[in-house]
Each structure stands twice: as C-alpha cells, then as structure tokens.
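# What the coordinates show
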Amino acid sequence: MANNGIPARVQGTVKEWTLRGAFALPERVKRMLAGPPVVRDGQTLDLDTQLLLRLQRVSHERPAELLPIPQGRVALAAQSAMVGGRQPIGTSLDTTAAGVPVRVLTPRALVGRTDPLPTLVFLHGGGFIYGGRHETHDGLARFLAEAAGVQVISVDYRLAPEHPFPAAHDDCLAAFRAVVGDPERWQVDPARIAVGGDSAGGNLAAYLALTAAAEGLPLAYQLLIYPMAQASAEAPSRRMFDDGFFLTRQFLDLAESSYLPTEADCRDPRVDLVNADIPAGVCPGHLVTAGYDPLRDEGEAYARRLIEAGVALTMERQPGLIHGFVNWVGVDCAAREVVGELAARLRAGLGLASG
C-alpha cells in the first residue's frame, strides 16, 4: 500500500497511462509541456525524453539513489516496469548456470525448435546495486529476444553493497563459462553466441568479451550499451550531465562506493576498461552511447581503444537521448526505435537473415 492509501499497483498503472497519453500528444502540445528545447554540447535533447524528465520532476518522486538501497530497488523496478511495458515472449524459464540464477527467454519464433539456437547472454544495468531478480530489465531482454530472434539468457548476478567487487564479474563469467561449456544443455549454437548489456551490464559484457578472447572461449558478437568503462572517471561528460538527465553524480557515487570500495578496485582492469589490455581475437561488436549521459565519454574512449586494437567494432552516439533509454521499449518513442535498431545489429552480427 502506498503512503497516500492508494495501492502501489494502481498508482503504477495510472502513471503508465499518463505517460503513454503524454507521448501520444501532438508534438506542439508536447513541446508546451516539456518546455523550451534543451541544447547542450551541440546536441538537442529529444522531445519525448525532455517530456519524460519533466513529468518525473513534477511528480516529486525521489530518485532511487536518494532512498535507502532496499527502497531504491523497489522504486527503480517500478519505474522500469512503467516504461518497459508488458513485452510478449514465447517462453520464460528461471534456472541456474554454475549456481548463478539465470532466466532463459525463448522468442515465439523459436519455441519448439530442437536445433542449436543463436543466443545472447545478457547482463543488466543498475550500477551493480539495482536490477536483481530481473526486476528492471526483463522487458528489454524480452524485446531483444523477440526483435532479434535469439534466445536470451539473462544473468541475475549478485549485487552490492552486500556483494562488492568482484562478485558481479565472477558470477557473469561463471555463468558464461557454464553456457558455452555445455551448449547442448543450453541449446546454444557456439558459432552464434553474443554477450550484451547496458551501463554496469555493459562493463560486464565487455569484460566477458575480453576474457573470451584471452581464454579462447566461443563468442561471435558483443553489444555494449552506454557501458561504464572507467570508474571514478573525470571525463567532461561526467561533469556536463551530472544532474537533471536521470543518471546523476549521486547515483554514480553510490554505485561506485558500494561495488568498488577501494581505489585498487577502481583501477582493476576488469573495471577500468579504458586502460585494460586488449587481447588478440576480440569478437566484433557494436557500442552505443547517449549524448546526454555522464558515461558517454568513457564509453566512446573504450570504443576507440578497441578499434585501435583492430577489433571490428562499430560505434554510434544517440545525441538526443539519456542514460537508461534502452528500457523504454514499452512506449512509442525514439528510444524504442533505437532499441529496435540495436536488435537488428545483434541479428546481423550473429549472421541471421533480416527478420
């Protein structure tokens, strides 16, 4: 029950309807509600994004990072459900890989198939402290499975502060090794397996790609979405967008102090991707950043490192979007279109015909 006596579920439904109704308004009306265009660093903030940020401000909801972590987890899960919607999926199975909880999502087009399936091992974002039990990214994982036509194995790694570094990295590597080590059990095609993730999950996915190359593990593609690539970085984007665009300085400070409590943790090459060694044979991939994201510059710096090392990586910036946009698959907006494009890149990266 919410504090005002209205059940939280009812409040969530009302907010979801309000959001969808606002996004369906004529552009002229949306501009009136959102306010004058926001231009920063030569980029114009996407109108729907600006409107969503305005609605969040007028609702007076406290952001997750200003709440105690247990309550913040609940709040972020509710926000994610609102923008993620109810995405269809063929089948969903919760199980474990090397003792790590995972959720196996099979798109409708692949249900009943008995041959090895193209597969994405997905690592969710959330600053290493949010997103457990698939509460924030299940909608995105389902969308990617259906849009790309791939099986998705979503890893529910341990979270900080209860489990600081390297717990999340260890869990993701253990689950990945289990999947590629027993492809028959997981119905995985070793020639068509990818890793992907956003934010903290982008860091974890990048780490798996580097490790796969170093250890000779099968991996065909990596999809990195605004990854955290250098803890405690002081890149210009961290200062330029540290407040007012969803991901804040307070969130980053909480995430990094919770998961990376020591300076040595921050400098560890599993975390500091910008300064990590790039082994030979790193798989191809795609890295996308958001223009209004504190993590933008470090993600692009890591992309340049990979490209300079000879990795067949493509890189793009979505200049008008903010951190977290890939979760917006439940609303009709530019962000959802971009996620559809990312699914198409994943599909092509695994050698699948366009759907």
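See the structure shown above.
### Some points on the layout of surface pockets
What the second largest pocket holds in volume is close to 250 Å³. Taken together, 16 residues make up the lining of the second largest pocket; nearest its centre are Arg73, Gly132, Arg133, Glu135 and Leu159. For the lining of the second largest pocket, the residue count by class is seven nonpolar, four polar and five charged.

### What about unusual backbone geometry?
For the bond running from Ala160 to Pro161, omega is 0°, close enough to zero to count as cis. Here Pro161 lies in the loop between strand 6 (151-155) and helix 6 (167-181). A cis geometry characterises the amide bond from Phe165 onward to Pro166, with omega recorded as 10°. Secondary-structure assignment places Pro166 in the loop between strand 6 and helix 6. Even without a glycine there, the phi angle at His60 is positive, about 60°. Relative to the assigned elements, His60 resides in the loop between helix 3 (47-59) and helix 4 (69-84).

### Observations regarding the packing of aromatic side chains
A full pass over the atoms with the stated rule returns seven aromatic pairs. On the basis of an interplanar angle of 90° and a centroid distance of 5.7 Å, the ring pair of Phe165 and Tyr259 is categorised as edge-to-face. Here Phe165 is found in the loop between strand 6 and helix 6, whereas its partner Tyr259 is found in helix 10 (residues 249-259), with 94 residues between them in sequence. Judged by centre distance (5.5 Å) and plane angle (70°), the ring pair of Tyr226 and Phe325 falls under edge-to-face. Of this pair, Tyr226 sits in the loop between strand 8 (221-225) and helix 9 (236-240) while Phe325 sits in the loop between strand 10 (313-322) and helix 13 (334-349), placing them 99 residues apart in sequence. Three or more aromatic residues joined by ring pairs form one cluster here, namely Phe128, Phe165 and Tyr259.

The rules we used
- Every chain's residues receive numbers from 1 upward, in the order its sequence appears when written.
- Given that this is a predicted model, residues contribute local features only at a pLDDT of at least 70 and side-chain atom pairs are listed and counted only at 80 or more, while totals for whole chains, interfaces and linings are drawn from all residues.
- Calculated side-chain values reflect all of the structure's heavy atoms, with hydrogen atoms and water omitted.
- In this analysis the probe radius is 1.4 Å and the grid spacing 1 Å, with only protein atoms considered; a cavity is a set of points the probe fits into but cannot get out of, a pocket is an open set with protein on both sides within 12 Å along at least five of seven lines, and lining residues have an atom within 4 Å of a point.
- Grid points are joined across faces, edges and corners, and a volume is the space filled by probe spheres set on the points.
- In this count, Pro and Cys sit with the nonpolar residues alongside Ala, Val, Leu, Ile, Met, Phe, Trp and Tyr, while Asp, Glu, Lys and Arg are called charged and the others, Gly among them, polar.
- Strands are runs of DSSP state E lasting at least two residues, helices are runs of H or I lasting at least four, and both sets are numbered from the N terminus onward.
- Under the pairing criterion, centres of Phe, Tyr and Trp rings, with the six-membered ring standing for Trp, must be within 6.5 Å; the plane angle then separates stacked pairs below 30 degrees from edge-to-face pairs above 60, leaving the rest tilted.

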